[in-house]
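# What the coordinates show
What follows is the residue order along each chain.
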Amino acid sequence: MENNNILAVVLAGGKSRRFGEDKNHIKLGDKTLLEHVLSKIDNRFEEILVVSNQKLEIKNIKNIKKLTIISDCFKDLGPLVGVLSSMKWVKENQRTYKWIATFPSDTPFFKTSIIEEYKKRIRTNKSLLYFVKSNKKRHNIFGLWSISLLETLENDLVNNNFRKVEEWANKIGVKTIDIEIKKFDPFFNINTREDFETAKKILKEN
């Protein structure tokens with residue numbers, strides 16, 4: 001099964017500077033932003049890894065036992081190090097996953113159908129890296145990453161000073177999974193208080 005080939009990874013290690021406090025614990029409706037993301041992928045993967053450098057409180061998740069929380073293997077190197085940390089966790093814990101699927105912790109509205117799209121890309125095997133694209137915007141944290149990229153990623157982070165996901169992905173070569181938008185962008189992420197007010201309106205209307 002493709003599910004056994006993919007480890008779900010939620011990247012929750014950001015410092016939330018633009019928001020003013022840790023976004024992971026902000027409640028939108030009856031769940032925190034992090035819980036919204038976890039509840040969507042909870043029953044769709046064998047295991048879920050959350051990468052965060054903050055203390056997390058997670059309550060509204062049914063299968064909490066299959067969830068593991070780790071911190072970044074290197075500090076202050078941006079979201080790429082969260083990807084690297086998850087890959088290293090797979091190797092160090094002798095898991096057999098060949099891919100990781102990354103989900104940002106501040107995107108409560110994404111459609112779980114993207115997981116089926118990831119499975120299709122694994123079958124075609126035309127790239128080692130895929131990002132979601134909607135409305136001509138590429139979402140560099142919604143990604144499907146081959147574990148075989150581990151050594152290259154670590155070398156580029158540590159020795160070549162790569163920090164931006166977009167720049168590294170362009171260097172490696174990345175294909176996009178294009179998603180059609182009908183109403184609002186389901187891959188909308190919450191960076192600011194203004195974004196949070198927009199999210200409350202989306203939640204109410206949908």
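Everything in this summary refers to the structure shown in the same document. (Residues numbered from 1 in each chain as written. Predicted model: local features only at pLDDT ≥ 70, side-chain atom pairs only at ≥ 80, totals over all residues. Heavy atoms only, no water.)

Time to look at the pattern of salt bridges. Opposite charge on two side chains lets them pair, provided their charged atoms get close. Under the definition given, this model contains nine salt bridges. D106 serves as the salt-bridge partner of K23, at 2.7 Å between the closest nitrogen and oxygen. Of the two residues, K23 is situated in the loop between strand 1 (6-11) and strand 2 (27-28) and D106 in the loop between strand 6 (99-104) and helix 3 (113-124); the sequence distance between them amounts to 83 residues. The pair K23 / D106 is uniform in exposure class, with both members buried. In this structure, K88 and E154 form a salt bridge, with 3.2 Å as the shortest nitrogen-oxygen distance. Remark: E154 occurs in helix 4 (residues 150-158) and K88 occurs in helix 2 (residues 79-92); sequence separation between them is 66 residues. (Salt bridge = Lys/Arg side-chain N within 4 Å of Asp/Glu carboxyl O. Helix = DSSP H or I, 4+ residues; strand = E, 2+ residues; numbered from the N terminus. Buried < 20%, exposed > 50% of the residue type's maximum accessible area, 1.4 Å probe, protein only.)

On to the packing of helix 4 against helix 5 (residues 165-172). Two elements in contact, helix 4 and helix 5, have axes whose closest approach is 12 Å; the angle formed by their N-to-C orientations is 130°. Taken as axis vectors, helix 4 and helix 5 run oblique relative to one another. Like other packed secondary-structure pairs, helix 4 and helix 5 cross with a definite hand, here right-handed. For the pair formed by helix 4 and helix 5, the contact residues are T152, L153 and D156 on the first element and W168, K171 and I172 on the second. Here the residues of the contact of helix 4 with helix 5 sort into three nonpolar, one polar and two charged. (Axes fitted to C-alpha atoms, helices over the stretch in contact; angles between N-to-C directions. Parallel < 35°, antiparallel > 145°, perpendicular 65-115°, else oblique. Left-handed = near helix turned anticlockwise from the far one by under 90°. Contact = heavy atoms within 4.5 Å. Nonpolar A, V, L, I, M, F, W, Y, C, P; charged D, E, K, R; others polar.)

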